[in-house]
Amino acid sequence: MNRSFFSVASVAVLGHALSSGTGSPVEAQEASAYELHKIATLGDPVPGADGLRLFADFEAFAINDAGQMVFGTDLCEVDSGTGECKPVSGEGVYLAALDGTGGVQVKLLQKHGDFNADCGKSASGGFLGRMSINEGGDVAFSFRYAEAPLGGGLYHHSHATGEVRGVVCPGEPAPNRRGEAEGTFAGVSYHPTLNDAGQIAFAAYVTGADIDPASPPGVPNDTIGLGGGVFVREPDGSLRSVVRPGDPGPGGGVFDFAANAWINGRGDVAFGGHLTGTGICCLPLGRTTLCVESVFLRKAGTTDTAEIVPVALQNADAPGGGKFRYAFGPVLNDHGEIAFPGDLILEPTLCMEARSEVGRSVGVFLYSGGKLIAVARPGDPMPGGGRVQTASNFDGNYFINDCGDVSFSATLDSTTLNIDGDPELEPDQGIFVRRKATGEIVLVARTGMEIPEIGTVAALIPSAYFGAFPKDLPWPLSGCHINDRGQILFAAALTDGRDVLLVATPKGAVAPCSAGGPRFVRGDSDANGQLQITDPIKALSYLFTGGDAPTCLDAADASDQGSLNISSAIYALGFLFLGGPAPPPPHPDCGEDPTPDELGCASFEGCP
């Protein structure tokens, strides 16, 4: 069991056995907009590994547009005498795909005990958090080594060759921002991600990188000065630093750690990190090399870490009210939009003295066009009934695709089923999608939902965790990665005692979105096909008075500066009334954006 909590701390709680579910179902529950297909069930044999079975929990990580999936589980070994499946204290990484006839092909990529010739070490224990798959079917993941003080090695599976190679190993030189070797990799950390160009962004522990051994983050009695940074491995095998301890950051601060990297198709990298010198102290969580995070973005081509963009900072205002206690684990699409969870507080509390409240009020947020948007906050009503109590505080339980649709899971304030035999009903849980084109939130799956030919959803946590829910573990642990076709990979516990891995496919054909987006007219905020006075007015209303967002933010960016702000409206007004320059293409006719940027375009009715 390997769950990324905040940045990296794992939770492993053995609970009571699953009861049959004694609560009454939600009346008139809203139907899902998706069809669900079962990929695997806990207890299934591990492909190509005699006597081993999928065990304990599914960690559903990623699905690409071809429907290829990567996931992980614990392992157990069948006793030939008793038939009992006994845990082996290790995990496996798998690649799966639907075969077109309703069947599923599953391939084992890596498991506990496998020897890797590239790094000269054997995998020990399990993988480290989220894995990544690109559109070509290549996979990136990290896996522990017994010899590594923290972390493990970085692996790459080639779809073309079928090989799994170790591509970054403990002991290799680690680059600094000038490209020079400075310290060595002590181990690759959680959350490596892979884009279609073959670039892998990853976090790693580096020797000699702790800039202040006397205070957190840092390892007590550490003699090699371990610190956490973010790096990119290029397809040719070269390495470069994105950010590491000691690098200058925005606002005059200095980074003392970075983690949870995500790279998009343009080479932009979003990550979580902590700044010294900004008045925000470090609360170590999990591995003592890490603090709770803020979210940052480093755009491709920038030459100085001071150009890193702060997206959501600790104690900064959150959209909808309150402040971020922390924000973490960003997911970045090819438009530069970022989805991330943030824990909310009404008033700032440095170092978060009220630790019992940490992670109990998590929302999901979107960074788009330089603006923060609340996707779902505690108290928001959800389809099918109930309001958000908290979104998940675990990495991998939210995602954004290139269409700008955001998937997320949440625990609700309504109740449906009893899952552990106690008298009280447990809070409902659900998976939802916010569709960018309409702004609506739609239901994918939730507690009490009957899935035809599969079973009834008991909870969106593994059944092994039922004893800890909701007091000690109030968050969903289902995963909910969404691809550009709108398919979602997730896991669920059923009322009959089974844990299953599922794919939800939208009802009706969905064409995959692209990084280019639809055709539009630059400056035409209201999408009627022409630039006129109503367009800067609509942009200003959205920016300052809470008006509806333009359906095509890229069109509203009249000057093509890559962000939407007051200067966009001023530029349009200057062109209309003061003889100023015309908006850049596409203008005055409909066309595709020749300069893709952070602003997406969900729809534009004014162009055929």
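Criteria and cut-off values
- Residues numbered from 1 in each chain as written.
- Predicted model: local features only at pLDDT ≥ 70, side-chain atom pairs only at ≥ 80, totals over all residues.
- Heavy atoms only, no water.
- Helix = DSSP H or I, 4+ residues; strand = E, 2+ residues; numbered from the N terminus.
- Rg over C-alpha atoms; globule rule 2.2 N^0.38 Å.
- Buried < 20%, exposed > 50% of the residue type's maximum accessible area, 1.4 Å probe, protein only.
- Contact = heavy atoms within 4.5 Å.
- Expected span 1.5 Å × (residues − 1).
- Salt bridge = Lys/Arg side-chain N within 4 Å of Asp/Glu carboxyl O.
- Patch = residues over 30% accessible without salt bridge, like charges linked within 9 Å, V, L, I, M, F, W, Y side chains within 5 Å.
- Areas by Shrake-Rupley, 256 points an atom, 1.4 Å probe, with all protein chains shown as cover.
- 1 Å grid on protein atoms, 1.4 Å probe; cavity = no way out; pocket = protein on both sides within 12 Å on 5 of 7 lines; lining within 4 Å.
- Points joined across faces, edges and corners; volume = space filled by probe spheres on them.
- Pairing = 2+ DSSP bridges.
- Axes fitted to C-alpha atoms, helices over the stretch in contact; angles between N-to-C directions.
- Disulfide = S-S within 2.5 Å.
- Nonpolar A, V, L, I, M, F, W, Y, C, P; charged D, E, K, R; others polar.
- Core = buried A, V, L, I, M, F, W, Y, C linked by side-chain atoms within 4.5 Å.
- Lys, Arg positive; Asp, Glu negative; His and termini not counted.
- Phe/Tyr/Trp six-rings, centres within 6.5 Å; stacked < 30°, edge-to-face > 60°.
- Lys NZ or Arg CZ within 6 Å of the ring centre and 35° of its normal.
- Arc of directions from axis to C-beta.
- pLDDT = per-residue confidence, 0-100.

## Some remarks on the overall build of the protein chain
Logical step 1: Of the regular secondary structure elements, the protein chain holds three helices and 36 strands.
Logical step 2: The C-alpha atoms of the protein chain give 24 Å as radius of gyration, which agrees with the globular expectation for 608 residues (25 Å, within 12%).
Logical step 3: If one aligns the C-alpha atoms of the protein chain with their principal axes, the spans along those axes are about 85 × 60 × 50 Å.
Logical step 4: Here the protein chain, with 608 residues, has 57% of them falling under the buried criterion.
Logical step 5: Looking at the protein chain alone, contacts between residues at least 24 apart form 60% of all its contacts between residues at least 6 apart.

## A word on helix α3 (residues 566-577)
Logical step 1: For α3, with twelve residues, the first-to-last C-alpha span of 17 Å sits near the 16 Å given by 1.5 Å per residue.
Logical step 2: Elements that come into contact with the buried residues of α3 comprise α1 (534-544) and α2 (553-556).
Logical step 3: Of the residues flanking the end of α3, it is G579, one or two places downstream, whose phi is positive at about 75°.

## A short note on the pattern of salt bridges
Logical step 1: The tally for this structure, following the rule as stated, stands at 16 salt bridges.
Logical step 2: A salt bridge links D118 to R165, with the nearest nitrogen and oxygen atoms 2.5 Å apart. Highlighted residues: D118 in the loop between β6 (115-116) and β7 (121-127) and R165 in strand β11 (residues 164-168), separated in sequence by 47 residues.
Logical step 3: What makes D118 partly exposed here is its relative accessible area of 31%.
Logical step 4: Here R266 and D268 are joined by a salt bridge, their closest N and O atoms 2.8 Å apart.
Logical step 5: Here D268 falls in the buried class, since its relative accessible area comes to 5%.
Logical step 6: In this structure, a network of salt bridges that share partners links the residues R522, D554 and D560.

## Comments concerning a nonpolar patch on the surface
Logical step 1: A surface patch of nonpolar side chains, about 460 Å² in accessible area, is lined by I533, I537, F577 and L578.
Logical step 2: With respect to the helices and strands, I537 occurs in helix α1.

## Considering the layout of surface pockets
Logical step 1: In this structure, the largest pocket spans a volume of roughly 580 Å³.
Logical step 2: I373, R434, G439, Y542 and A549 are the residues nearest the centre of the largest pocket, which is lined by 26 residues in total.
Logical step 3: Sorting the residues of the lining of the largest pocket by element identifies β25 (362-368) and β26 (371-376) as the ones contributing at least two each.
Logical step 4: At five residues, β26 tops the list of elements feeding residues into the lining of the largest pocket.

## A few points about the sheet that holds strand β4 (residues 85-98)
Logical step 1: Read from one edge to the other, the open sheet built from four strands follows the order β2-β3-β4-β5, with strand pairing classed as antiparallel. Looking at which strands have only one partner, the edges of the open sheet turn out to be β2 (52-63) and β5 (104-111). If you compare each strand with its neighbour and ignore which way they point, the axes differ by 30° on average.
Logical step 2: Judged from the ten bridges that link them, strand β3 (residues 68-78) and β4 form a sheet pairing that is antiparallel. Bridge pairing links E77 to K86 in β4.

## Some details on the state of the cysteines
Logical step 1: A complete count under the given rule lists three disulfides for this structure.
Logical step 2: A sulfur-sulfur distance of 2.0 Å marks the disulfide that ties C76 to C85. Given an S-S torsion of about 90°, the disulfide between C76 and C85 has right-handed geometry.
Logical step 3: Take C76: its relative accessible area is 3%, and that puts it in the buried class.
Logical step 4: What makes C85 partly exposed here is its relative accessible area of 23%.

## Regarding empty space enclosed by the protein
Logical step 1: A complete count under the given rule lists six cavities of 30 Å³ or more for this structure.
Logical step 2: Size it by volume and the second largest cavity reaches roughly 60 Å³.
Logical step 3: Among the elements of the structure, β2, β35 (488-494) and β36 (499-506) are those that each provide at least two residues to the lining of the second largest cavity.
Logical step 4: For the lining of the second largest cavity, the element with the most residues is β35, which contributes three residues.
Logical step 5: Broken down by class, the residue content of the lining of the second largest cavity amounts to nine nonpolar, one polar and three charged.

## Focus: the nonpolar core
Logical step 1: Within the largest apolar cluster, 67 residues are counted, with the highest numbers of intra-cluster contacts made by I338, F340, V444, I488 and F490.
Logical step 2: Tallying contributions element by element places β25 first for this core, with five residues.

## Details of the side chain of R434
Logical step 1: Within the fold, R434 resides in strand β30 (residues 427-434).
Logical step 2: Here R434 sits buried without a salt bridge, and the closest side chain of opposite charge, D405, lies 7.0 Å off (N-O distance).

## Regarding the packing of aromatic side chains
Logical step 1: Scanning all chains against the criterion turns up 19 aromatic pairs.
Logical step 2: Aromatic side chains W262 and F399 sit 5.4 Å apart centroid to centroid with 65° between the ring planes, which places their arrangement in the edge-to-face category. Taken together, the positions of W262 in strand β18 (residues 254-263) and F399 in strand β28 (residues 398-400) put the pair 137 residues apart, joining distant regions of the chain.
Logical step 3: The ring of Y542 has K371 lying over it, and the distance from NZ or CZ to the ring centre is 3.6 Å.

## Let's talk about α1
Since the α-helix advances by 3.6 residues per turn, residues separated by three or four positions end up pointing in the same direction.
Logical step 1: Along α1, the residues classified as buried are D535, P536, A539, Y542 and L543. Angular distribution of buried residues about the axis of α1 spans 125°; they occupy a single face of the element.
Logical step 2: If you follow the buried residues of α1, they end up packed against β26, α2 and α3.
Logical step 3: Backbone geometry just after α1 places G546 at a positive phi near 80°.

## As for the confidence of the model for the protein chain
Logical step 1: Within the protein chain, residue pLDDT values average 88, and 90% of them lie at 70 or more.
Logical step 2: Across residues 4-29, where pLDDT falls below 50, the model places 80 contacts with residues more than four positions away in sequence or in other chains.

## Topic: the sheet that holds strand β20 (residues 294-298)
Logical step 1: Strand order across the open sheet formed by four strands is β18-β19-β20-β21, with antiparallel pairing between neighbours. Edge strands, defined here as strands with exactly one partner in the open sheet, are β18 and β21 (309-312). Direction aside, neighbouring strands of the sheet carry axes that sit 35° apart on average.
Logical step 2: Two elements, β18 and strand β19 (residues 269-276), share seven bridges in a ladder whose sense is antiparallel.

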